[in-house]
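# Fold and geometry: a report
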Amino acid sequence: MSTDEIDTPAEEQGEEEREHKTEEELFAEHEQQLDELLADVEGPEAPDPEPTLPSLGGGVTRRDVMKAGAAVGAVGGLAGCAGTNSLGNSSDTETDNGGGDVPDHKVPPGEHDEYYGFWSGGHAGDIRVYGIPSMRQLTRIPVFNREPAKGYGFDDGTDQMLEEAGDYTWGDSHHPNLSETDGKYDGEYIFVNDKANGRVARVNLTYFETDAIVDIPNVQSVHGCCIQSPDTDYVFANSEFRTPIPNDGRDVNNPEEYVSVFTALDPESMDVLWQVEVDGQLDIVDSDKDGRWVLASSYNDEEGVEIEEMTKNDRDDLKAFDVPAIQELVDAGEYEEINGVPVVDGTKSSPHNEGDNPIVRYIPTPKSPHCVEVTPDGKYGMVAGKLSPTVSIVDIEKLGTADDPADTIVGQPKVGLGPLHTTYDGRGHAYTSLFIDSQVVKWDIEAAVEAEKGSEEPILGKIDVHYNPGHIQAVQGMSTEPTGDWLVALNKLSKDRFLPVGPIYPDNDQLIYIGNDEDNETGGMELVADHPVYPEPHDAIFAHKDKIEPAKTWNKEDYDEEYVTQENSRVERVDDSTVEVYASVKRSEYGLRDFTVQEGDEVTLTATNIEGTQDIVHGLAIPEHDVNLALAPQDTRQVTFTADEPGVYWIYCTYFCSALHLEMRSRMIVEPSE
Ligand code: K7E
Ligand code: CUA
């Protein structure tokens, strides 16, 4: 990209002038814009004067180093210094972790991890499964992305599911949620959003396979996504981008008519149940712990379409949705149906928001906050300030009673620069990621409620991370059962931490031990390991291994398709141009040594892996026909394709299954038509 293509705010300058700016000037402009925003946020007080990095010499501030995006080149040379911060701690190595007992995070050969970790894959579109504390990647679950290694998107079932969900080639998964029963992870499902295409997917945790994707109407982008605690009665999805609804060409040039909606889905049928239209736009969402309130953070209540407009005002409104009240309205028919979905008016001027029991409470927060995360006991929702150096503490019990919505904010500690996400250890502490400071801050929740707004008193310690964390997650921190031992910081930039691999760097997920509450600079937090990750996880969720019970093989009772045995492997001609082929699959042969079809035939191949032994997976690939099945034991899959070119096509097994794996072959013969 050439310099003059870089899109910068250009309020007072002509295009002409813009084109002649140097890169440095453009970056300086971005820095200045961010500084102005930070200075201008109506937090309890303006951010501190810049802490200076002593080792960098005069003039270079910590913020200069840590601001993401700009000036990566300049940062490269400095990054080695970044382990030292103004607090004087440097805890970036294992041997240097300052005291307390840290259990070994390395899991010996042959032993298992204590926890599962489910990472969203960002615009890779998948979910990655890790073991905690080893941080070993165990597998990946393709969700919005076709994935040849697992045959996902190649058999008719998953191919159709992806097609019916919009047939996009990619998705952007951010927020994985584990289903709950009684407020505890039940190991059944993961629900995850697609920020790119306004979808929500469900992953079946018996088979670790995506089993449903819904393309939500009236929505362009789903960002926040959560389940309703305690019993997963709903899945909620926030649309981030405002558009006209329906988005069919109306009002394209009237941004004031654009709309953002809050969507409720049925977790079993994955049907869209209803939506609520709100003022402003929605960002992240979390549920309380007893099924009434759902909190959605929000930026751009200005409803601007350009960055200057989006950040103009000092306040944005957190939205608190009273779910039972909304459900009542829907049941009573008090909605407008748009694109087949009941849409309830939840805007400020809606009649449903008049009086003492509004369906949506609008709670003023400092402008452009980022996340909202509810504490394990369900008492508070923490709204991280992003542009404000504070976290606003919302008292959930007050949501139903406070006359003034502002009174529901019962604390506002000042935690540091760029607070994005908060997680919990179950011992009364909150941990917040500081994107700009590149730190995790640990603070005391009740002390923050007691303290004056803007106080730094509740802070127990800070630890440097490398670099610029987005989400941080403590083990089971979002459930009612945090275990309080490990925390992962999902850092957006790795810079100097790994061998260089070209201009697109891995992220760096760092493991931090939080089991010690020591009275030191880090509050006892100890950094134990770096882990490079493929771009770009946003969030992760962890469950104790006892909560997840994956199947070892598929179960043939689950299928509509025929279970194909060796004996009934066969070819059936349906009509002049349609053939059905049935083949069993086992070590080291297919049920058919070969089969013959006619040029132009539509072939539907049904294949069953008849092995009962765990971990004996076979592939079924037909070169030049884009056929690629992955068949785990007892699995049956179907694939339909056209045999459009006469010839001989070897069928081979893609999974290395036995000593005779290479010999595991069959032939498809396509006879030329007359
Ligand atoms: Cu903060 Cu999409 Cu949860 Cu990324 S979001 S960091
Ligand atoms: Cu079956 Cu390789």
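Residues numbered from 1 in each chain as written. Chains lettered and ligands numbered in written order. Predicted model: local features only at pLDDT ≥ 70, side-chain atom pairs only at ≥ 80, totals over all residues. Heavy atoms only, no water.

### Details of the overall build of the protein
Threshold: Put simply, DSSP H or I for four residues or longer makes a helix, DSSP E for two residues or longer makes a strand, and each gets a number counted from the N terminus. Categorising residues by exposure relies on relative accessible area from a 1.4 Å probe, with only protein chains included: less than 20% of the type maximum marks a residue as buried, more than 50% marks it as exposed, and the intermediate range marks it as partly exposed. Throughout, a contact is declared for two residues whenever any of their heavy atoms are within 4.5 Å. Values of accessible area rely on a 1.4 Å probe in the Shrake-Rupley scheme; residue burial ignores everything except the protein chains shown.
Across its full length, the protein carries 8 helices and 40 strands. The 674 residues of the protein split such that 57% are buried. Here the analysis covers contacts within the protein between residues at least 6 apart in sequence; of these, 60% occur between residues at least 24 apart. Carbon and sulfur atoms make up 46% of the accessible area of the protein, which amounts to about 27700 Å² in all.

### Quick look at the site of ligand 1
The condition that has to hold: Throughout this document, a residue counts as near a molecule or strand when at least one of its heavy atoms sits within 4 Å of that molecule or strand. Residues are grouped as follows: Ala, Val, Leu, Ile, Met, Phe, Trp, Tyr, Cys and Pro are nonpolar; Asp, Glu, Lys and Arg are charged; all remaining types, including Gly, are polar.
Close to ligand 1 lie H174, H175, H223, I284, H370, H421, G470, H471, K492 and H538, which account for all nearby residues. When grouped by side-chain class, the residues that make up the shell around ligand 1 number 1 nonpolar, 8 polar and 1 charged.

### Re helix α5 (residues 156–164)
For α5, the complete set of buried residues consists of D156, T158, M161 and L162. Looking one or two residues past α5, G166 carries a phi angle of roughly 110 degrees, positive in sign.

### What to know about the pattern of salt bridges
Which entries qualify depends on this criterion: Salt bridge criterion: a side-chain nitrogen from Lys or Arg within 4 Å of a carboxyl oxygen from Asp or Glu.
Tallying each qualifying case throughout the model produces 35 salt bridges. Measuring nitrogen to oxygen at the nearest pair gives 3.7 Å for the salt bridge that ties E456 to K414. With E456 in the loop between α8 (445–450) and β25 (459–464) and K414 in the loop between β21 (409–411) and β22 (419–424), this residue pair connects regions lying 42 residues apart in the sequence. With its nearest N and O atoms 2.7 Å apart, the salt bridge here joins E572 to R570. Since its relative accessible area comes to 23%, R570 is described here as partly exposed. One network of salt bridges, with partners in common, ties together D126, R128, R140 and E147.

### Structural notes on the sheet that holds strand β27 (residues 486–491)
To be explicit about the condition: Whether two strands pair comes down to DSSP finding at least two bridges between them. Axis lines are fitted through C-alpha atoms, for helices just across the contact stretch, and the angle between N-to-C directions can take any value from 0 to 180 degrees.
One open sheet holds the 4 strands; their spatial order is β26-β27-β28-β29, and the pairing between them is antiparallel. The two strands at the open ends of the sheet, each matched to only one other strand, are β26 (469–474) and β29 (526–533). Within the sheet, the average angular offset between the axes of one strand and its neighbour, ignoring direction, is 20 degrees. For strand β28 (residues 507–513) and β29, the ladder comprises 7 bridges, and the chain directions are antiparallel. Paired with L511 across the bridge in β29 is A529.

### Observations regarding the packing of aromatic side chains
Short version of the rule: The rule is short: rings of Phe, Tyr and Trp, with Trp giving its six-membered ring, pair when the centres are within 6.5 Å, and they are stacked under 30 degrees, edge-to-face over 60, tilted in between. Only lysine NZ and arginine CZ atoms are considered, and such an atom sits over a ring when it is within 6 Å of the ring centre and within 35 degrees of the ring normal.
Scanning all chains against the criterion turns up 15 aromatic pairs. Arranged with centres 5.4 Å apart and planes meeting at 20 degrees, the rings of Y234 and F236 form a pair that is stacked. Judged by relative accessible area, which is 0%, F236 ranks as buried. The rings of Y234, F236, F262, W274 and F321 are connected pair by pair, giving a single aromatic cluster. If you follow K556 out to its NZ or CZ, it ends over the ring of Y563, 4.4 Å from the centre. The ring of W554 has R637 sitting right over it, with the charged end atom 5.0 Å from the ring centre.

### Thoughts on unusual backbone geometry
The phi angle of most residues is negative, glycine excepted, and most peptide bonds adopt the trans form. In this structure, the amide linkage connecting P535 to the following residue, E536, adopts the cis form with an omega of -10 degrees. The topology assignment puts E536 in the loop between β29 and β30 (540–544). Residue S588 follows R587 across a cis peptide bond; omega there is -15 degrees. Secondary-structure assignment places S588 in the loop between β32 (578–586) and β33 (589–590). With phi around 50 degrees, S368 is a residue other than glycine that occupies positive phi space. Its place among the elements puts S368 in the loop between β17 (360–366) and β18 (372–374). Within the chain, K386 stands out as a residue other than glycine whose phi angle is a positive 55 degrees. Take K386: it is sitting in the loop between β19 (380–384) and β20 (391–395).

### A few points about helix α7 (residues 323–331)
When we look at burial in α7, the residues that qualify are V323, A325, I326, Q327, L329 and V330. Phi turns positive, to about 80 degrees, at G333, one or two residues after α7.

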